[in-house]
Structure formats: C-alpha cells, structure tokens
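Structural description and commentary
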Amino acid sequence: MPHRSRVAILLLDLPPHLHRQGAGFWAGVTGREATPSPADDAWIPLGAVAGDLRLEVQRTGEGTPPRWHLDVETDDVEAEVTRLEALGARRLRHVEAADPQGRGLWQMTDPAGLVFCVVAVQDDEAFERSARTWP
C-alpha cells in the first residue's frame, strides 16, 4: 500500500550546557525568537527556514555530542523505515511515545552512520504540500 513522507525538520542536538547558547546563536542567524516549546522546554522551535523545512534546537542528554539530524515525517512509520532500510539505512532504536500524541519514532542511521529519525506527521498542512508518495 502506498505511503507518503518528506524531510520535515532539521534539528540541532545540543547537550544541556550548550542548549540555550546554541538556541540563541541560531535564533540570531535566522532572525527568530529562541522561545522554548510550552509543552517541553527541551525543544526550541525556530520556524521554517527553507520552504516547509523547519529548524529546531533540541536539548539532548549529557554525553551526547553536538550534532545535526533530520526528521523524516511520514503517514506510515513502519513502511517508511522499511523503504529506507532498502536504501541502506539501519535501525538504531525505537522510542515509544515520543510526542504529545503518544506516537513513537525510529532513530536510524544512513549508510555513512549519520543519525536521523522517522516520525509520524507533525505538521498536517506542510505534509500535504510537500510529501512524496511511495509505492
């Protein structure tokens, strides 16, 4: 059955001691406010930076090095994970109830070892505008 997906969010993952400073820097770069999400202050959304691609700063745990990662948004997480595995991706771990709606996500790596996540649809309007259909 066909499903749809899109690259939705570019996240800057920062450990606690760098989170606010990094968010302030990228807010200045983009001309946005660095206001933590009211639902979870580990997230600081900076809005759309290129079409429907959003930029967010995420506070990670101690010991996680600063890094960038992408979120691939989809209407069928398992089908998208399977499609990406066929392209050479690897599953790292499943995270249960990763968002306020209680939906999980898959943290994966691309063939070069770069981390990315496959998540359920986060932004219905942007998803409708820019998602691609896969067989």
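Residues numbered from 1 in each chain as written. Predicted model: local features only at pLDDT ≥ 70, side-chain atom pairs only at ≥ 80, totals over all residues. Heavy atoms only, no water.

1. Quick word on the overall build of the chain
Heads up, the condition is: Numbered from the N terminus, helices here are DSSP runs of H or I no shorter than four residues, and strands are runs of E no shorter than two. For this measure, only C-alpha atoms enter the radius of gyration; the expected value for a globule follows 2.2 Å times N^0.38, where N is the number of residues. For each residue, the accessible area found with a 1.4 Å probe, counting protein chains only, is set against the maximum for its type, and the residue is called buried under 20%, exposed over 50%, and partly exposed in between. For the area figures, the Shrake-Rupley method with a 1.4 Å probe applies, and any residue is considered shielded solely by the protein chains shown.
When its secondary structure is counted, the chain shows three helices and eight strands. Helices (α) and strands (β) of the chain occur, in sequence order from the N terminus, as β-α-β-β-β-α-β-β-β-α-β. Taking 2.2 N^0.38 as the reference for a compact globule, 135 residues should give roughly 14 Å; the C-alpha atoms of the chain span a radius of gyration of 15 Å, in line with that estimate. Dimensions of the chain along its principal axes, counting C-alpha atoms only, are 45 × 35 × 30 Å. The burial tally for the chain puts 38% of its 135 residues in the buried class. Carbon and sulfur atoms provide 56% of the accessible area of the chain, an area that totals close to 7600 Å².

2. Digging into the side chain of Thr 109
Short version of the rule: Contact between two residues is taken to exist if any of their heavy atoms lie within 4.5 Å; hydrogens are not considered.
Structurally, the position occupied by Thr 109 is in strand S6 (residues 105–109). A residue is classified by how much of its surface remains accessible, and Thr 109, at 7% relative accessible area, is buried. Setting aside its immediate chain neighbours within four residues, Thr 109 contacts Ala 89, Arg 90, Leu 92, Leu 114, Val 115 and Phe 116.

3. Some thoughts on the environment of Gly 22
Following the sequence through the fold, Gly 22 ends up in helix H1 (residues 16–30). In sequence terms Gly 22 and Pro 66 are 44 residues apart; their C-alpha atoms lie 9.7 Å from each other.

4. Regarding the pairing of strand S4 (residues 67–74)
Formally: Strand pairing requires that DSSP identify at least two bridges connecting the strands.
Across eight bridges, strand S1 (residues 3–14) lies against S4 in antiparallel orientation. Bridging from a neighbouring strand, Ser 5 pairs with Thr 74 of S4. Both S4 and strand S7 (residues 115–120) contribute to a ladder of five bridges, which runs parallel. The residue bridging Leu 70 from the neighbouring strand is Phe 116, located in S7.

5. Structural notes on the nonpolar core
This is how the line gets drawn: Only buried Ala, Val, Leu, Ile, Met, Phe, Trp, Tyr and Cys residues count toward a nonpolar core, and they belong to the same one when joined by side-chain atoms within 4.5 Å.
Counting ten residues, the largest nonpolar core is built from Val 72, Val 77, Val 81, Leu 84, Ala 89, Trp 106, Met 108, Phe 116, Val 118 and Ala 120. Those elements giving two or more residues to this core turn out to be helix H2 (77–86), S6 and S7. Ignoring anything within four residues of it in the chain, the contact list for Val 77 reads Trp 106, Val 118, Val 119 and Ala 120. Ranked by size, the runner-up nonpolar core spans eight residues in total, among them Leu 12, Ala 27, Leu 55 and Val 57.

6. Some thoughts on H2
Definition in use: This arc is built from the directions going out from the helix axis to the C-beta atoms.
Where H2 is concerned, the buried positions are Val 77, Glu 80, Val 81 and Leu 84. When H2 is viewed along its axis, its buried side chains cluster within an angular range of 100° and face the same direction. Turning to H2, the residues buried within the fold contact S1, S4, strand S5 (90–95), S6, S7 and strand S8 (132–134). Taken from the residues just after H2, Gly 88 is the one with a positive phi, measuring 115°.

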